[in-house]
Amino acid sequence: HYPLRRQRQMCIRDRSNAKNVLYILADDMRPDAVPFGASFMHTPHLRNLASSPGGVYFSGAYCNIAVCSPSRMSFLTGKYPHHTLTWNFINHIRQATCREYPHTHLGETSSAFRSIPIHNGGAGQCCSWCSADSKCAAWFLHVGGDNCTLYEKAAKTPTEAPVGSIGGLRGSTDMQQNLVTLPQHFTKNGYYTLSTGKIFHTEEGGSGPEPWDGEGTGMPPLQDPPSWSQVKPSILVKSEQLNAQAVAPGNSSMYNVNSMAPMRPCNWDSCSIPSNLEGDVEPPVFRFCDRIIGDDALLKLDAAATNYRASGQPFLLGIGFRKPHLPFRHPSAYDSLYPDIKNIQLAKYKVLNESVPVIAFHQTDLAENPFTPMDDTKAATLRRNYYSAISWVDYNIGRVLSELDTLGLTNDTLVVFHTDHGWSLGEHGQWEKFTNWEHGTRVPLIVRAPWLGSRSGKVPNIVELIDIFPTMAELAGITVPQSYKLDGSSLASLVTSTVSSSADSDRKITQNAGQASSDIPNLEYPTLNSYSLTVYPRCPLDMSDPSRYWAQNTCLMKERSSFPFIGVSLRVPDWRYTEWLKWNGTALSPHLDSEPIGVELYSHAGDDGTSFDGPYEQFNLAGLSEYEKIQNQLAAMLRTVYPKGSAWPSNSEITKK
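Read on for an overview of the structure.

What counts, and where the lines are drawn
Residues numbered from 1 in each chain as written. Predicted model: local features only at pLDDT ≥ 70, side-chain atom pairs only at ≥ 80, totals over all residues. Heavy atoms only, no water. Helix = DSSP H or I, 4+ residues; strand = E, 2+ residues; numbered from the N terminus. Buried < 20%, exposed > 50% of the residue type's maximum accessible area, 1.4 Å probe, protein only. Contact = heavy atoms within 4.5 Å. Areas by Shrake-Rupley, 256 points an atom, 1.4 Å probe, with all protein chains shown as cover. Core = buried A, V, L, I, M, F, W, Y, C linked by side-chain atoms within 4.5 Å. Salt bridge = Lys/Arg side-chain N within 4 Å of Asp/Glu carboxyl O. Disulfide = S-S within 2.5 Å. Axes fitted to C-alpha atoms, helices over the stretch in contact; angles between N-to-C directions. Parallel < 35°, antiparallel > 145°, perpendicular 65-115°, else oblique. Nonpolar A, V, L, I, M, F, W, Y, C, P; charged D, E, K, R; others polar. Phe/Tyr/Trp six-rings, centres within 6.5 Å; stacked < 30°, edge-to-face > 60°. Pairing = 2+ DSSP bridges.

### Remarks on the overall build of the protein chain
Part 1 of the argument: Looking only at helices and strands, the protein chain features 13 helices and 23 strands.
Part 2 of the argument: Counting over 657 residues, the protein chain shows a buried share of 61%.
Part 3 of the argument: Intrachain contacts of the protein chain at a sequence separation of at least 6 include 76% that bridge at least 24 residues.
Part 4 of the argument: Per element, the accessible surface of the protein chain, about 24700 Å² overall, is 49% carbon and sulfur.

### Here we look at the nonpolar core
Part 1 of the argument: In terms of nonpolar packing, the biggest core is built from 83 residues, with F58 and M472 touching the most fellow members.
Part 2 of the argument: In this structure F58 touches F36, V443, L445, V447, V459, V463, L491, L494 and V495, once residues within four positions along its chain are discounted.
Part 3 of the argument: Counting residues in each nonpolar core, the second largest holds 67 residues, with M29, L194, I390 and V393 among its members.

### Some thoughts on the pattern of salt bridges
Part 1 of the argument: Counted under the stated rule, the structure contains 23 salt bridges.
Part 2 of the argument: With its nearest N and O atoms 3.3 Å apart, the salt bridge here joins R291 to D295. Here R291 pairs with D295, and both are found in helix α8 (residues 289-311), just four residues apart, close to one helical turn.
Part 3 of the argument: Taking the shortest distance from any N to any O, the salt bridge between D295 and R399 comes out at 2.4 Å. Note that D295 is positioned in helix α8 and R399 in helix α9 (residues 376-406), a separation of 104 residues in sequence.

### What to know about the state of the cysteines
Part 1 of the argument: Under the definition given, this model contains five disulfides.
Part 2 of the argument: Through a disulfide, C130 is tied to C136; the S-S separation comes to 2.1 Å. Of note, the bridge from C130 to C136 carries an S-S torsion of about -100 degrees and is left-handed in sense.
Part 3 of the argument: Linked covalently through their sulfurs, C539 and C555 form a disulfide whose S-S length is 2.0 Å. Sign of the S-S torsion, about 110 degrees for the bond between C539 and C555, identifies this disulfide as right-handed. With C539 in the loop between β19 (532-538) and β20 (565-572) and C555 in the loop between β19 and β20, the pair connects residues that are 16 residues apart, well separated along the chain.
Part 4 of the argument: A relative accessible area of 5% places C539 in the buried class.
Part 5 of the argument: Classification of C555 by relative accessible area gives buried; the value is 2%.
Part 6 of the argument: Sequence-ordered numbering of the bonded cysteines in the protein chain gives a disulfide pattern of 1-3, 2-6, 4-5, 7-8, 9-10.

### As for the side chain of Q631
Part 1 of the argument: Within the secondary structure, Q631 is located in helix α13 (residues 628-641).
Part 2 of the argument: In this view, Q631 contacts Y577, V599, L601, A622 and G623; residues no more than four positions away in its chain are not counted.

### Points about the packing of α8 against α9
What describes two packed helices is the angle between their axes and the distance between those same axes.
Part 1 of the argument: Taken N-terminus to C-terminus, the directions of α8 and α9 make an angle of 10 degrees; their axes are 10 Å apart at the nearest point. Taken together, the axes of α8 and α9 are roughly parallel relative to one another. Contact residues: D290, R291, G294, D295, A297, L298, L301 and D302 in α8; W392, V393, N396, R399, V400, E403 and L404 in α9.

### Quick notes on the packing of helix α1 (residues 44-51) against α9
Part 1 of the argument: Packing of α1 against α9 brings their axes to within 7 Å, and their N-to-C directions diverge by 50 degrees. By the angle between their axes, α1 is oblique relative to α9. Here P44, H45, L46 and L49 of α1 lie close against α9, whose contacting residues are D394, Y395, I397, G398 and L401.
Part 2 of the argument: Partitioned by chemical class, the residues of the contact of α1 with α9 number six nonpolar, two polar and one charged.

### Things to note about the environment of Y151
Part 1 of the argument: Within the element layout of this structure, Y151 appears in strand β7 (residues 147-151).
Part 2 of the argument: With relative accessibility at 4%, the residue Y151 sits in the buried group.
Part 3 of the argument: Taking the C-alpha atoms as reference, Y151 lies 6.0 Å from W139; in sequence the two are twelve residues apart.

### What about the packing of aromatic side chains?
Part 1 of the argument: For the coordinates displayed, the defined rule picks out 20 aromatic pairs.
Part 2 of the argument: Aromatic side chains F186 and Y191 sit 5.0 Å apart centroid to centroid with 90 degrees between the ring planes, which places their arrangement in the edge-to-face category. Residues F186 and Y191 agree in their burial class; the two are buried.
Part 3 of the argument: Grouped by ring-pair contacts, the aromatic residues F40, F328, Y338, Y386, Y387 and W423 constitute a single cluster.

### Re the pairing of strand β21 (residues 575-584)
Part 1 of the argument: With eight of ten residues buried, β21 lies mostly within the body of the structure.
Part 2 of the argument: Sheet topology note: the β20/β21 ladder contains eight bridges and is antiparallel. In the sheet register, V572 faces β21, and the bridge partner there is W575.
Part 3 of the argument: Taking the residues between adjacent antiparallel strands as the criterion, β20 and β21 are bridged by two residues, where D574 takes a positive phi near 80 degrees.
Part 4 of the argument: The sheet contact formed by β21 and strand β23 (residues 598-603) spans six bridges and is antiparallel. Bridging from a neighbouring strand, Y577 pairs with L601 of β23.
Part 5 of the argument: In this structure, β21 lies alongside strand β22 (residues 589-590), joined through two bridges in antiparallel fashion.

Below is the structure:
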């Protein structure tokens with residue numbers, strides 16, 4: 001097993017000026033909240049966070065992949081998915097890197113010395129075991145992905161293996177050991193870093209090195225032990241519910257989030273649980289997961305504040321609320337904040353327009369067919385449950401911010417709030433995430449740095465979640481070494497510059513909503529904050545019929561080397577451009593030089609971001625002669641932004657002598 005690296009604690013030169021950090025995440029939440037224009041929403045604490053001194057909200061913030069685990073590993077490292085090499089629920093950033101060869105055998109059969117059952121982690125885990133064993137020269141993942149064989153010698157000539165198997169040579173543990181995450185960077189710079197709830201992903205996924213392995217390890221395992229500080233006795237709080245430690249062994253993250261704060265099931269029409277606004281319930285009713293996380297956050301905030309006052313050591317507390325992720329289980333009191341089911345506004349465009357390539361749609365349990373809308377009553381119930389769940393999260397955020405104020409730390413604490421991706425509520429016939437569309441990729445982002453002054457308002461620039469890491473570091477006064485090779489850029493200058501609370505300040509709008517002009521600026525040379533890049537893979541079960549590429553097309557539990565297609569989407573002011581391309585599984589990159597199997601072009605001229613029910617991504621303009629100029633320019637820009645060639649690091653294949 002590969003060694004655990006001990007982190008060297010670095011001293012902050014002037015602790016008197018060091019800023020504490022509250023890093024708050026929600027799950028599966030699109031910008032249906034005040035201040036983002038959704039005036040029907042009840043989110044007073046997010047509104048106050050954005051409008052309080054030093055608070056700004058970003059109306060054009062986007063994730064880089066619209067699914068939980070890959071998105072979190074992307075923004076927590078400041079790197080695009082093509083640099084974290086994670087697009088599914090199998091791989092994670094602490095696996096070793098080995099170039100993967102689908103249905104190819106690279107080991108000398110007679111030199112096999114170890115066979116290991118794999119419960120999760122796939123080829124990445126098989127590679128990790130080989131790369132950690134000095135005897136290993138090659139590895140082989142058998143069909144089905146449940147068994148890994150290690151070989152002492154590599155074969156002189158590769159041989160063909162059954163479809164569904166993957167072979168590889170010994171790789172490198174450099175990325176696994178040297179990659180530094182956002183909280184880990186603060187740890188290395190003298191912060192006391194601790195967390196509760198879902199920061200990294202908490203389900204599925206791969207194993208890690210001992211002693212990280214265990215049930216419910218998530219991706220990376222146990223909320224990534226290298227990211228968090230060693231535990232202090234004051235943080236050893238007990239869970240009232242489980243009588244178990246609420247911290248992971250040896251570090252200050254929540255141990256086994258799925259057991260500590262589980263998401264209890266409910267049917268679509270039974271997720272409103274009788275309770276008050278505080279979420280109080282009596283046994284045998286299960287406690288709400290975000291109440292558990294909120295309670296734990298208050299305990300850890302108080303302990304971190306006590307340590308801060310005693311030692312001067314600043315803290316970073318990560319708080320990962322689990323809602324409004326499905327199921328939308330929430331206290332019933334929040335339903336009264338919204339209209340009756342019969343008066344809930346539904347999506348304006350309930351089915352996929354025939355101009356849109358069907359591969360853009362992702363079939364889910366809720367979205368069974370892009371051309372058949374959901375029953376209105378069910379759709380309205382789901383929508384109200386979603387809104388109520390958001391308000392429930394907002395309440396818990398308010399609890400934490402109130403405690404921060406009570407502790408007298410508000411003026412010295414950076415607060416950052418965002419989500420991992422957006423969510424669809426019936427637009428295009430789509431429900432859940434898993435897309436490159438606006439409602440799947442745009443996220444709420446709020447940053448508050450009170451010491452910067454009394455102004456507050458909106459930042460209209462297009463930004464990406466990979467920008468969060470360098471932004472938080474700069475606002476906290478911490479340098480990010482160039483060796484980290486972050487893809488994101490700091491947004492600190494946007495936070496500190498003059499901003500406006502008026503929607504009219506975004507840009508001068510001269511076009512009608514949903515219409516576009518071919519007289520557009522030169523986009524060949526992208527600049528900071530001028531675009532966002534989002535990707536999403538597609539794995540249709542039936543590859544023989546392109547008209548059915550919308551059906552059973554998930555890649556979540558598919559090996560990354562076996563993806564057939566990927567969508568690459570570029571969002572610039574007034575436009576979204578997406579190409580669905582064939583995937584090179586050996587290079588882990590799209591075939592950028594090949595003909596796309598589907599192209600999408602949408603005008604966002606006049607879109608102020610306050611509603612997802614506009615016509616902006618309803619009608620696909622790709623292929624229309626009047627938009628040929630902008631389509632060609634965006635196609636060229638996409639190929640400038642997305643790197644050509646193999647995504648594998650140069651040291652991802654090591655030949656053993």
